[in-house]
Each structure stands twice: as structure tokens, then as C-alpha cells.
Amino acid sequence: MFPYVTVNLAMSADGKLSTIERKQVKISGQDDFRRVDILKAENDAIMVGIGTVLADDPSLTVKSPELKEKRLSSGRDENPVRIIVDSKARTPCSAEILHKGPGRRIIAVSKSADPKKIDELGKYAEIVQAGDERVDLRIFLAKIAEMGIETLMVEGGGSLIWSLFEDDLVDEYYTCIGNVIIGGASAPTPADGTGFIRENEFTKLEIASMEKIDSGVLLKWKIIKN
Ligand SMILES: NC(=O)C1=CN([C@@H]2O[C@H](COP(=O)(O)OP(=O)(O)OC[C@H]3O[C@@H](n4cnc5c(N)ncnc54)[C@H](O)[C@@H]3O)[C@@H](O)[C@H]2O)C=CC1
Ligand SMILES: Nc1nc(O)c(N)c(N[C@@H]2O[C@H](COP(=O)(O)O)[C@@H](O)[C@H]2O)n1
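Every chain is numbered on its own, with residues counted from 1 as its sequence reads. Key to labels: chains lettered from A, ligands numbered from 1, both in the order written. pLDDT decides what is reported in this predicted model: residues at 70 or higher carry local features, side-chain atom pairs at 80 or more are listed and counted, and totals for whole chains, interfaces and linings draw on all residues regardless.

1. A short note on the overall build of the protein chain
Looking only at helices and strands, the protein chain features 7 helices and 9 strands. Here the protein chain has a C-alpha radius of gyration of 17 Å; the compact-globule value for 226 residues is 17 Å, and the two agree. Seen through its C-alpha atoms, the protein chain measures out along the principal axes to roughly 45 × 45 × 35 Å. Placing C-beta atoms from the backbone, we regard two residues as in contact once those atoms come within 7 Å. Partitioning the contacts of the protein chain with sequence separation of at least 6, the portion at a separation of at least 24 is 70%. Helix and strand labels come from DSSP, where a helix needs a run of H or I of at least four residues and a strand needs a run of E of at least two; each type is numbered from the N terminus. As defined in this context, the radius of gyration uses C-alpha atoms, and a globule is described by 2.2 Å times the residue total to the power 0.38.

2. Thoughts on the sheet that holds strand 2 (residues 45-49)
Judged by pairing direction, the sheet is mixed, and its 9 strands sit side by side in the order 5-4-3-2-6-1-7-9-8 without closing on themselves. In this open sheet, the two edge strands, each paired with only one partner strand, are strand 5 (126-129) and strand 8 (205-213). The mean inter-strand angle of the sheet, taken between neighbouring strand axes irrespective of direction, is 20°. Contacts between helix 7 (residues 158-166) and the sheet are confined to strand 1 (4-11), strand 2, strand 3 (81-85) and strand 6 (151-156), with strand 6 contributing the most and set at about 135° to the helix. By this definition, two strands are paired if DSSP reports at least two bridges between them. Between N-to-C directions, angles span 0 to 180 degrees; the directions come from axes that are lines fitted to C-alpha atoms, helices contributing only their stretch in contact.

3. Here's the deal with the site of ligand 1
Using the backbone to place each C-beta atom, any residue with that atom within 6 Å of a molecule or strand is considered near it. In the vicinity of ligand 1 lie 28 residues, with G49, G51, G156, G157 and S163 positioned nearest. Residue assignment for the shell around ligand 1 shows that the elements contributing at least two residues are strand 1, strand 2, helix 2 (50-56), strand 6 and helix 7. Looking at the shell around ligand 1 element by element, the count peaks at 5 residues for helix 2. Classification used: nonpolar for Ala, Val, Leu, Ile, Met, Phe, Trp, Tyr, Cys and Pro, charged for Asp, Glu, Lys and Arg, polar for all others including Gly. Classifying every residue of the shell around ligand 1 by side-chain character gives 12 nonpolar, 11 polar and 5 charged.

4. Some words on the pairing of strand 1
Here a residue counts as buried when 20 or more other C-beta atoms fall within 10 Å of its C-beta, as exposed when 12 or fewer do, and as partly exposed in between; the C-beta atoms come from the backbone. Of all 8 residues in strand 1, 6 are buried, a share of seventy percent or more. With 4 bridges joining them, strand 1 and strand 6 adopt parallel strand pairing. Bridge pairing links V5 to L152 in strand 6. With 6 bridges joining them, strand 1 and strand 7 (residues 172-177) adopt parallel strand pairing. Following the sheet pairing, L9 is matched in strand 7 by T175.

5. Focus on the nonpolar core
One finds V7, I83, A108, V154 and L164 to be the most contacted residues of the largest nonpolar core, which totals 48 residues. Broken down by element, this core gets its largest block of residues, 5 residues, from strand 1. Not counting residues up to four positions away in its chain, the partners in contact with I83 are A45, I46, M47, I106 and A108. Residues of type Ala, Val, Leu, Ile, Met, Phe, Trp, Tyr and Cys that are buried and joined through C-beta atoms within 7 Å form what is called a nonpolar core.

6. A short note on the site of ligand 2
Surrounding ligand 2, one finds 16 residues, the nearest of these being A10, I27, S28, D56 and P58. Those elements that provide at least two residues to the shell around ligand 2 are helix 2 and strand 6.

7. Observations concerning the UniProt feature "domain: Bacterial bifunctional deaminase-reductase C-terminal" (unreviewed entry) in the protein chain
UniProt positions are given in the numbering used here, feature names are shortened, and annotations may be inferred rather than shown by experiment. Those places that UniProt annotates as "domain: Bacterial bifunctional deaminase-reductase C-terminal" (unreviewed entry) correspond, in this numbering, to residues 3-219. Regarding residues 3-219, the helix share stands at 27% and the strand share at 24%, and the terminal C-alpha atoms are separated by 22 Å.

8. Let's talk about unusual backbone geometry
Cis geometry marks the peptide bond from G156 to G157; its omega dihedral reads -5°. With phi around 60°, R22 is a residue other than glycine that occupies positive phi space. Positionally, R22 belongs in the loop between strand 1 and helix 1 (30-42). One non-glycine residue, A89, adopts positive backbone phi at about 55°. Examined against the element boundaries, A89 turns out to sit in the loop between strand 3 and helix 4 (96-99). Taking the number of C-beta atoms within 10 Å as the measure of exposure, A89 has 23 and is therefore buried.

As C-alpha cells, then:
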């Protein structure tokens, strides 16, 4: 019914995704960069929130020529399907995701998005509507599963990841903890949003693996489903 969802992110040793200015910063190193590229190449699709697009303008392309070749030789596109969760269709038409490298793009919007902007973005990406004011992630993920997307990697940011946890849609959660302190009470963290209040609401995890990577630590968690 839903794709298998792996959340992957890099955070500082004090649990921040970026600075209070929400600017992309280097948290992990070369080995982690390579690991993330492999993960990206293994998944059918990769998804980010509009906050990440506006802050970082990522391309989300597979970087290594061998990994691109491997995907092509197995009959897939060079890049996974790139997805932006963007309730109000705020994605700039110049966004890197829409232009860099070949492959499908999907923008998830809500019914509140401006129809004119939807038409413009429709020149660059498939538009999928789910939800009234905000993208309803359970409806959207069910729709992309029907479109053939079985595995989905999520890169961030903290608001989108929170909603995925809240909606019980995450299967695995990978955090690369880098050897820096960023600080700042308002700096993004892996799960922002409103947060759970009661202990019985918490998402429960079990450790799948722990390893040193670059000068930090890679923790892989599996989500314990009720
Ligand atoms: N260190 C890392 O691995 C990464 C860091 N980042 C950082 O994260 C920050 C961006 O994170 P955020 O501002 O939290 O933005 P975000 O990327 O999580 O996007 C959130 C936006 O998505 C839209 N949205 C639509 N439906 C939604 C739903 N159901 N739930 C939640 N959001 C929904 C809303 O407009 C919301 O404001 C940037 O500073 C970026 O650099 C982003 C990705 C990876
Ligand atoms: N895995 C990882 N490590 C870091 O140190 C980072 N700063 C990030 N940031 C996210 O990576 C994305 C960049 O994608 P492209 O290289 O443009 O394809 C972007 O979403 C950053 O927020 N990730």
C-alpha cells in the first residue's frame, strides 16, 4: 500500500540539520557522501520538502558514473524519481531538481495550490494532488505506490520527516552524526513539527547497526511497527 520508506540525514553531534539561517552546511565526509549516493541509486524515488528546495536547491541526482551506469543497465532511469512535497506549489521553475540530469520528477501539491503555478510546474514535473491545505502524506504515498514506486528515500528536512513519523510511514531511519556542534535553538532538527506529547505516542526504534564513518558515526535504526 505504501513504498518502503528510508529516511537518511546528516546531523551535527548536537542534533542539528543545518544552522539557524537554514543554510546547507557540510556535516558528513566523503565516505558518507559515497554511502548516500549508493542509497540514492538503490531506491526507486527520493523525496524532499519544499523547505529543503528553497534552502539548499539540491539536484538529488546520482553522482557516481558507475552507479548511474548500473541503474541504466538494469533498465531504470539514471536517477531515481525526484519528488518535492510542496502544498502550495512554491517550487521555483528554475529549481535544480527540475533541470539537472534526466529522469522523472513529481511535485506533490494540495488543493490549495495556485492552478496557474501548477500549470507552469507541469512543464517540468508530474503534479500529484493529495490533501486540502497541506499534502496528505498517507494519500500521496499510496498514490505513488500505485504508480510503481516501491522504495522511497527521504532526505529531509525536519518538518517533512516529522510528518512522516507522525503518520507512521517510516520503515528505516539512518543518521550520520558528524563531528561538529552547530547549536541554535531554532536550527532544524531531524523531526521538527509539533512533536509527540505522550510517551505512548513516541515512535519506537531498534538499532540495526552502528559504525564509525569519516570522523563521525552512522546509526541505522529500524522502526518498530505496532
Ligand atoms: N543535514 C541534512 O541531511 C539535511 C538538512 N536539511 C535542512 O533542512 C532544512 C529544511 O527543513 P524544513 O525547513 O523543515 O523544510 P522541509 O524540507 O521539511 O519542508 C517542509 C515544508 O514542506 C511542506 N509540506 C507539505 N506537506 C507537508 C506535510 N504533510 N508535512 C510537512 N511538511 C509539508 C510545507 O510547506 C513545509 O513547510 C534546511 O535548513 C536544510 O538545509 C535538509 C535535508 C537534509
Ligand atoms: N547526507 C548529507 N550530508 C551532509 O553533510 C549534508 N549537508 C547533507 N545535506 C543535504 O544533501 C542534499 C544535497 O543534494 P545534492 O548534492 O544537491 O544532490 C541537500 O538536500 C542537503 O540538505 N546531506
